[in-house]
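So you can see what is in the structure, the chains are spelled out below.
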Amino acid sequence: MMHTIQQGGPLMVPIALFSIAALAVIIERLITFSTLAFPDDIALGRITELMRQKKSDEAQALIQETGGAFTDLCLAALGPEEKEERESAAGYAGDAVLFTLGRRLDFLAMIATTTPLMGLLGTVLGMIHVFASVAGAGNAADISLLADGIWQALITTAAGLAVAVPALIAHGYFTRKIKKTAFWMQHTAAALIKAGIKPKSSIFYAQSA
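The model shown is predicted, which means the values in this text are computed figures rather than measured ones.

1. Remarks on the overall build of the protein
The secondary structure content of the protein amounts to 8 helices and 0 strands. Seen in sequence order, the protein has helices and strands lined up from the N terminus as α-α-α-α-α-α-α-α. A buried classification covers 36% of the 209 residues belonging to the protein. Restricting the contact set of the protein to residue pairs at least 6 apart, pairs at least 24 apart contribute 74%. Summed over all atoms, the accessible surface of the protein reaches about 11,900 Å², with 64% contributed by carbon and sulfur.

2. Observations regarding the side chain of Thr71
Locating Thr71 in the fold gives a position in helix H5 (residues 71-77). Exposure remark for Thr71: the relative accessible area of 10% places this residue in the buried category. Excluding residues that lie within four positions of it along the chain, Thr71 makes contacts with Ile63 and Gln64.

3. Some points on a nonpolar patch on the surface
Taken together, Leu120, Leu121, Val124, Leu125 and Ile128 make up a surface patch of nonpolar side chains, about 450 Å² in accessible area. In this fold, Leu121 is placed in helix H7 (residues 105-137).

4. Notes on the packing of helix H3 (residues 41-52) against helix H4 (residues 56-66)
One way to put it is that H3 packs onto H4 with a least axis distance of 8 Å and a crossing angle of 165 degrees. By the angle between their directions, the pair H3 and H4 is classed as roughly antiparallel. In this structure, the crossing between H3 and H4 has a hand that is left-handed. Here H3 contributes Ala43, Arg46, Ile47, Leu50 and Met51 to the contact with H4, which in turn contributes Ser56, Glu58, Ala59, Leu62, Ile63 and Thr66. Partitioning the contact of H3 with H4 into residue classes produces 7 nonpolar, 2 polar and 2 charged.

5. With respect to the environment of Leu30
Its location among the elements puts Leu30 in helix H2 (residues 12-34). With relative accessibility at 40%, the residue Leu30 sits in the partly exposed group. Those residues within four positions of Leu30 in sequence are excluded, and the remaining contacts are Tyr173 and Phe174.

6. A closer look at the side chain of Thr115
With respect to the helices, strands and loops of the structure, Thr115 is situated in helix H7. When its relative accessible area of 0% is taken as the criterion, Thr115 is described as buried. A distance of 2.7 Å separates the side chain of Thr115 from the backbone oxygen of Ile111, its partner in a polar contact. If near-sequence neighbours (up to four positions away) are discounted, Thr115 is found in contact with Ile15, Phe18, Gly160, Val163 and Ala164.

7. Let's talk about unusual backbone geometry
Even without glycine at this site, Arg104 takes up a positive phi of about 70 degrees. With respect to the helices, strands and loops of the structure, Arg104 is situated in the loop between helix H6 (83-101) and H7. Residue classification places Arg104 among the partly exposed positions, given a relative accessible area of 36%.

8. Quick look at the environment of Ala61
Within the secondary structure, Ala61 is located in helix H4. Along the chain, Ala61 and Leu75 lie 14 residues apart, while their C-alpha atoms are 9.5 Å from each other.

9. Structural notes on the nonpolar core
General note: in soluble globular proteins, nonpolar side chains tend to be found buried as a group. With 44 residues, the main nonpolar core has Ile47 and Leu108 as its most contacted residues. Of all the secondary structure elements, the ones that give two or more residues to this core are H2, H3, H4, H5, H6, H7 and helix H8 (143-197). The greatest single-element share of this core, amounting to 13 residues, is contributed by H8.

10. Some words on H3
The terminal C-alpha atoms of H3 lie 16 Å apart, and with 12 residues this matches the ideal 16 Å at 1.5 Å per residue to within 8%. All of the buried residues along H3 are Ala43, Leu44, Ile47, Thr48, Leu50 and Met51. For H3, the buried positions fall inside an angular range of 160 degrees around the axis, keeping them on one side. Projecting away from the buried face of H3 at angles above 90 degrees are the exposed residues Asp41 and Ile42. A positive backbone phi angle near 60 degrees is found at Lys54, which sits one or two residues after H3.

Thresholds applied
Residues numbered from 1 in each chain as written. Predicted model: local features only at pLDDT ≥ 70, side-chain atom pairs only at ≥ 80, totals over all residues. Heavy atoms only, no water. Helix = DSSP H or I, 4+ residues; strand = E, 2+ residues; numbered from the N terminus. Buried < 20%, exposed > 50% of the residue type's maximum accessible area, 1.4 Å probe, protein only. Contact = heavy atoms within 4.5 Å. Areas by Shrake-Rupley, 256 points an atom, 1.4 Å probe, with all protein chains shown as cover. Patch = residues over 30% accessible without salt bridge, like charges linked within 9 Å, V, L, I, M, F, W, Y side chains within 5 Å. Salt bridge = Lys/Arg side-chain N within 4 Å of Asp/Glu carboxyl O. Axes fitted to C-alpha atoms, helices over the stretch in contact; angles between N-to-C directions. Parallel < 35°, antiparallel > 145°, perpendicular 65-115°, else oblique. Left-handed = near helix turned anticlockwise from the far one by under 90°. Nonpolar A, V, L, I, M, F, W, Y, C, P; charged D, E, K, R; others polar. Polar contact = N/O pair within 3.5 Å; in protein donor to acceptor, adjacent residues only side chain to side chain. Core = buried A, V, L, I, M, F, W, Y, C linked by side-chain atoms within 4.5 Å. Expected span 1.5 Å × (residues − 1). Arc of directions from axis to C-beta.

Here it is, written out as structure tokens:
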């Protein structure tokens, strides 16, 4: 590993550091999303039934038990305030959840964008060094010297792409998960708000991530 970094030149060091950082972010985000508990449709159905029976205290207690990261959102949607105030409070609570889920994803996107450019820069610098060496050798230049220098210069491009591709895939995966979570929260909050206003019937749509 160290030998490869030395062959690739000085830009291999920040690329290697970015690879470690990207891996740490991916693992941390996977843990965050895997522990994200959605209230299932059975629990949501029980909550709406309690709201129809005007048992708001029991409904809120059930939310506290099953809401997980979405407890504040559900409680805001079932609050005692007017509809507009509950919609606003639920929106703020939902934004807080999405902000938490989206943490460090900008950094992951930056790594996916920057490392290929760093690799390309390293290759260009390496090629400049190779051709300068060949030119300095004059008539004594050997084609093997040129070939050896080129493949070493290309190491940084390969390393940059090797870091960028999984980082980009992970960023797309997490972004998709956040969109699905936002969709779920929007429909759930709307249904809870409706349950608090019109206790006749409510339809819940629970989308698992």
